[in-house]
Amino acid sequence: MRITIQRVKKASVKVDEKIVGEIEKGFLVFLGVTHSDTEENIDYLVKKLCNLRVFEDENEKMNLSIKDIDGELLIVSQFTLYADTKHGNRPSFTESAKPDYANKLYELFIEKCKKCEIKKVEHGIFGANMEVSLINDGPVTINMEN
């Protein structure tokens, strides 16, 4: 399982010209799932995500978590995080989980984030063609996997 986290001032996701998820200050999280991922992978990454200290304290040091700042989460599925570009110019996505399995873990990831004392948890629509807008804060972008 891979996630790319972007610290944002605000972010939104649209499907068919309609906003389906929108947040203010917090994290935009892109989630990629591979075949071997399990609930344990989700537990590990949710715990890391909810406690990641990359928001500035009163001394302008990255020392606060999303919970500390009463921040929000926007979670978007992104199978392309498992793109393999080693051969040729067209990426292979064979490491991405099959849609049914990936969607199951995506939904579980969202549910576990909602139990993490986060003010607001929004998400995109799995498998949809989405337009993601954001104002990156910093910029701060962090990749994690388990």
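Please refer to the structure higher up on the page.
Here is a short report on the structure shown in this document.

Thresholds applied
Residues numbered from 1 in each chain as written. Predicted model: local features only at pLDDT ≥ 70, side-chain atom pairs only at ≥ 80, totals over all residues. Heavy atoms only, no water. Helix = DSSP H or I, 4+ residues; strand = E, 2+ residues; numbered from the N terminus. Buried < 20%, exposed > 50% of the residue type's maximum accessible area, 1.4 Å probe, protein only. Areas by Shrake-Rupley, 256 points an atom, 1.4 Å probe, with all protein chains shown as cover. Lys, Arg positive; Asp, Glu negative; His and termini not counted. Charge placed at Lys NZ, Arg CZ, Asp CG, Glu CD. Salt bridge = Lys/Arg side-chain N within 4 Å of Asp/Glu carboxyl O. Polar contact = N/O pair within 3.5 Å; in protein donor to acceptor, adjacent residues only side chain to side chain. Disulfide = S-S within 2.5 Å. Core = buried A, V, L, I, M, F, W, Y, C linked by side-chain atoms within 4.5 Å. Contact = heavy atoms within 4.5 Å.

Moving on to the overall build of the protein chain. Helices and strands together make up the secondary structure of the protein chain, namely two helices and eight strands. Traced from its N-terminal end to its C-terminal end, the protein chain shows the element sequence β-β-β-α-β-β-β-α-β-β. Structurally, the protein chain occupies a C-alpha span of about 45 × 35 × 30 Å along its principal axes. By the burial criterion, 40% of the 146 residues in the protein chain qualify as buried. For the protein chain, the accessible area works out to roughly 8,500 Å², and carbon and sulfur atoms hold 45% of it. Charge centroids of the protein chain, computed over 21 positive and 25 negative side chains, lie 1 Å from each other.

Here aspartate 37 is to be found in the loop between strand 3 (26-32) and helix 1 (39-51). Although aspartate 37 is buried, it makes no salt bridge; arginine 2 carries the closest opposite charge, 8.3 Å away. At a separation of 2.5 Å, a polar atom in the side chain of aspartate 37 contacts the main-chain amide nitrogen of methionine 1.

Further remarks concern the state of the cysteines. A full pass over the atoms with the stated rule returns one disulfide. The disulfide that involves cysteine 50 links it to cysteine 116, with 2.1 Å between the sulfurs. With a gap of 66 residues between them, cysteine 50 in helix 1 and cysteine 116 in the loop between helix 2 (99-114) and strand 7 (120-123) connect regions that are remote in the sequence. For the pair cysteine 50 and cysteine 116, one class covers both residues: buried. This cysteine, cysteine 113, is not joined by any disulfide, and cysteine 50 carries the nearest cysteine sulfur, 5.2 Å off.

Turning to unusual backbone geometry, a few remarks are in order. A cis geometry characterises the amide bond from glycine 138 onward to proline 139, with omega recorded as 0 degrees. You can see proline 139 is positioned in strand 8 (residues 131-145). We note that aspartate 16 has phi near 55 degrees; this positive angle belongs to a residue other than glycine. With respect to the secondary-structure elements, aspartate 16 resides in the loop between strand 1 (2-15) and strand 2 (18-23). For glutamate 117, which is not glycine, the phi dihedral falls at a positive 65 degrees. Here glutamate 117 is to be found in the loop between helix 2 and strand 7. The exposed category is assigned to glutamate 117, whose relative accessible area is 67%.

Moving on, we come to the nonpolar core. In terms of nonpolar packing, the biggest core is built from 30 residues, with Phe27, Leu73, Ile75 and Phe109 touching the most fellow members. Secondary-structure elements contributing two or more residues to this core are strand 1, strand 3, helix 1, strand 6 (72-77), helix 2 and strand 8. Among the elements that line this core, the one with the most residues is helix 2, at six residues. When sequence neighbours within four positions are dropped, the list of residues in contact with phenylalanine 109 reads Met1, Ile3, Val29, Leu31, Ile42, Leu45, Val46, Leu49 and Ile75. Residues Val13, Val15, Leu74 and Val76 belong to the second largest nonpolar core, which totals 10 residues.

The analysis is restricted to geometry; functional conclusions fall outside its scope.
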